[in-house]
Amino acid sequence: MAQTSQAKAQTMRAVALDQFGGPEALKIQDIPVPQIEADEVLIRVEAAGVGAWDPYEREGRFVEIIGIEPKFPYVLGTDGAGTIAAIGKDVSRFKEGDRVYAAALANPKGGFYAQYTAVNEDNVSLIPGNLTIEQAAVLPTDAATALTGLEKVLGLKSGESLMVFGASGGIGHLAIQLAKRLGAKVFAIASGDDGVQFAKRLGADSAVDGRSDDVLNAAREFAPNGIDAALVTAGGKTTDQALAAIRKGGRIAYPHGVMPEPTAPDGVDVEAYDGENSPALIERLNELINSGPFEVQVDETFPLEDASRAHEALREHHLGKIALRID
Ligand SMILES: NC(=O)c1ccc[n+]([C@@H]2O[C@H](COP(=O)([O-])OP(=O)(O)OC[C@H]3O[C@@H](n4cnc5c(N)ncnc54)[C@H](OP(=O)(O)O)[C@@H]3O)[C@@H](O)[C@H]2O)c1
């Protein structure tokens with residue numbers, strides 16, 4: 001065993017799949033605590049993020065796309081936060097008791113829907129700002145995806161105008177705040193009246209309801225010469241209508257998974273991408289979060305035992321994110 005110490009418990013409670021399937025396949029079970037390698041930390045998970053992509057992973061579609069051989073019992077949960085319970089022998093950045101958050105996609109050691117998970121230290125960070133454990137738990141993948149889209153894919157510059165489509169969702173509500181910190185003027189297309197109010201509160205310069213408003217007209221009023229760039233987190237007819245407001249030579253970015261894929265008007269670059277999960281990106285994210293008040297919206301928190309209800313809640317209108325609490 002490579003670790004310098006290990007949690008005393010040999011087994012843990014987890015929501016583990018014996019086979020891929022619907023929400024009913026999410027079953028609470030006792031399974032072994034994962035062992036850590038030299039470059040891993042063992043996290044005592046206190047909260048897990050419920051990702052918009054978790055149902056796809058639960059149904060087995062995700063492992064097919066990324067081409068990995070699943071091991072059962074299979075523990076979902078890309079994102080989470082908690083306390084370091086043990087460190088591998090080569091780990092120098094963390095010590096037992098540190099409060100951390102982390103993301104690990106399709107982790108072969110098991111995900112965050114469990115009392116413990118083993119994660120490579122490169123994916124782990126101390127919790128920034130004044131975030132609660134639930135806020136930190138839901139943050140990493142969506143925030144990294146927002147920041148990758150804004151800085152690396154769109155190359156957003158201070159003074160530029162940005163459309164955020166899906167602005168009241170997981171990525172969207174973080175993207176508004178990060179884009180404001182990068183100096184952009186933000187036109188938010190949110191879902192519902194509550195979504196519009198939420199987007200404005202987070203700093204959007206203008207916000208409209210993509211479920212009922214004339215988004216193209218509103219976008220043209222916002223930027224009569226066209227909007228410079230768009231970050232798109234939901235696809236469909238309204239998305240494509242709104243994107244007609246992006247200026248010639250402008251840019252559109254959307255993370256892989258957004259369906260239907262957005263259509264770019266002539267003369268506009270469109271790029272699908274994946275959020276980066278690197279120490280440098282996490283450091284940049286923490287720096288931006290620490291530079292002022294930052295809101296991570298946890299709309300609802302379910303106990304681990306109710307993971308299937310949390311998956312059902314994903315399908316209903318909500319602001320920001322959904323979390324699981326793990327005692
Ligand atoms: N490739 C990657 O690296 C990566 C990483 C993270 C996420 N993703 C993918 O990116 C996508 C977005 O993720 P997310 O976490 O942001 O999901 P999300 O929380 O579900 O956000 C999408 C938002 O779009 C809103 N929306 C849908 N139609 C709308 C419309 N016509 N007008 C205004 N808003 C509308 C939804 O609102 P309501 O549902 O409330 O109506 C929701 O708030 C998902 O497909 C996810 O799988 C990919």
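In case you missed it, the structure is sitting above this.
Residues numbered from 1 in each chain as written. Predicted model: local features only at pLDDT ≥ 70, side-chain atom pairs only at ≥ 80, totals over all residues. Heavy atoms only, no water.

Draft legend 1. Just the sheet that holds strand S4 (residues 74-75), in detail. Across the sheet, three strands lie side by side as S2-S1-S4; this open sheet has antiparallel pairing. Looking at strand neighbours, the two that pair on one side only are strand S2 (27-32) and S4, the edges of this open sheet. Where strand S1 (residues 11-17) lies against S2, six bridges are found, and the strand directions are antiparallel. Looking at S2, one finds that Val15 is bridged to Ile28. (Pairing = 2+ DSSP bridges. Helix = DSSP H or I, 4+ residues; strand = E, 2+ residues; numbered from the N terminus.)

Draft legend 2. Structural view of the packing of aromatic side chains. In total, this model carries four aromatic pairs according to the counting rule given. On the basis of an interplanar angle of 45° and a centroid distance of 6.2 Å, the ring pair of Phe72 and Tyr74 is categorised as tilted. Members of the aromatic cluster, connected to one another through ring pairs, are Phe20, Phe72 and Tyr74. Directly above the aromatic system of Tyr116 lies the positively charged group of Arg44, at a separation of 5.8 Å from the ring centroid. (Phe/Tyr/Trp six-rings, centres within 6.5 Å; stacked < 30°, edge-to-face > 60°. Lys NZ or Arg CZ within 6 Å of the ring centre and 35° of its normal.)

Draft legend 3. Structural view of the packing of helix H4 (residues 140-153) against helix H5 (residues 170-181). Relative orientation of the contacting elements H4 and H5 amounts to 50°, with a least axis distance of 8 Å. The angle between H4 and H5 falls in the class oblique. When the axes of H4 and H5 are compared, the crossing they make is right-handed. Contacts between H4 and H5 involve Asp142, Ala143, Thr145, Ala146, Leu147 and Leu150 from the former and Gly170, Ile171, Leu174, Ala175, Leu178 and Ala179 from the latter. Residues that form the contact of H4 with H5 fall into these classes: nine nonpolar, two polar and one charged. (Axes fitted to C-alpha atoms, helices over the stretch in contact; angles between N-to-C directions. Parallel < 35°, antiparallel > 145°, perpendicular 65-115°, else oblique. Left-handed = near helix turned anticlockwise from the far one by under 90°. Contact = heavy atoms within 4.5 Å. Nonpolar A, V, L, I, M, F, W, Y, C, P; charged D, E, K, R; others polar.)

Draft legend 4. Up close: the pattern of salt bridges. Within the structure shown, the criterion is met by 19 salt bridges. The partner of Lys89 in a salt bridge is Asp90, with the nearest N and O atoms 3.5 Å apart. With relative accessibility at 46%, the residue Asp90 sits in the partly exposed group. For the salt bridge of Glu121 with Arg93, the shortest nitrogen-to-oxygen distance reads 3.9 Å. Taken together, the residues span a long stretch of sequence, with Glu121 in the loop between strand S7 (116-120) and strand S8 (124-126) and Arg93 in the loop between strand S5 (79-87) and strand S6 (99-103) at a distance of 28 residues. One network of salt bridges, in which partners are shared, links Glu37, Glu40 and Lys109. (Salt bridge = Lys/Arg side-chain N within 4 Å of Asp/Glu carboxyl O. Buried < 20%, exposed > 50% of the residue type's maximum accessible area, 1.4 Å probe, protein only.)

Draft legend 5. Inspection of the nonpolar core at higher detail. Residues Leu139, Leu150 and Leu162 are the most contacted members of the largest nonpolar core, which totals 51 residues. When residues of this core are traced back to their parent elements, those giving at least two are helix H3 (133-138), H4, strand S9 (161-165), H5, strand S10 (185-190), helix H6 (192-201), strand S12 (227-232) and helix H9 (279-290). Apart from the residues lying within four places of it in its own chain, the contact partners of Leu162 are Leu150, Leu154, Leu156, Ala179, Ala184, Lys185, Val186, Phe187, Ile227, Ala229, Ala230 and Leu231. (Core = buried A, V, L, I, M, F, W, Y, C linked by side-chain atoms within 4.5 Å.)

Draft legend 6. Summary view of a negative patch on the surface. Negative charge collects at one region of the surface, where Glu24, Asp193, Asp194, Asp213, Asp214, Glu221, Asp299, Glu300, Glu312 and Glu316 lie side by side. Position of Glu300 among the secondary structure elements: in strand S15 (residues 298-303). Taking relative accessible area as the criterion, Glu300 reaches 37% and is therefore assigned partly exposed. (Patch = residues over 30% accessible without salt bridge, like charges linked within 9 Å, V, L, I, M, F, W, Y side chains within 5 Å. Areas by Shrake-Rupley, 256 points an atom, 1.4 Å probe, with all protein chains shown as cover. Lys, Arg positive; Asp, Glu negative; His and termini not counted. Charge placed at Lys NZ, Arg CZ, Asp CG, Glu CD.)

Everything listed here is a matter of geometry and, on its own, says nothing about what the molecule does.
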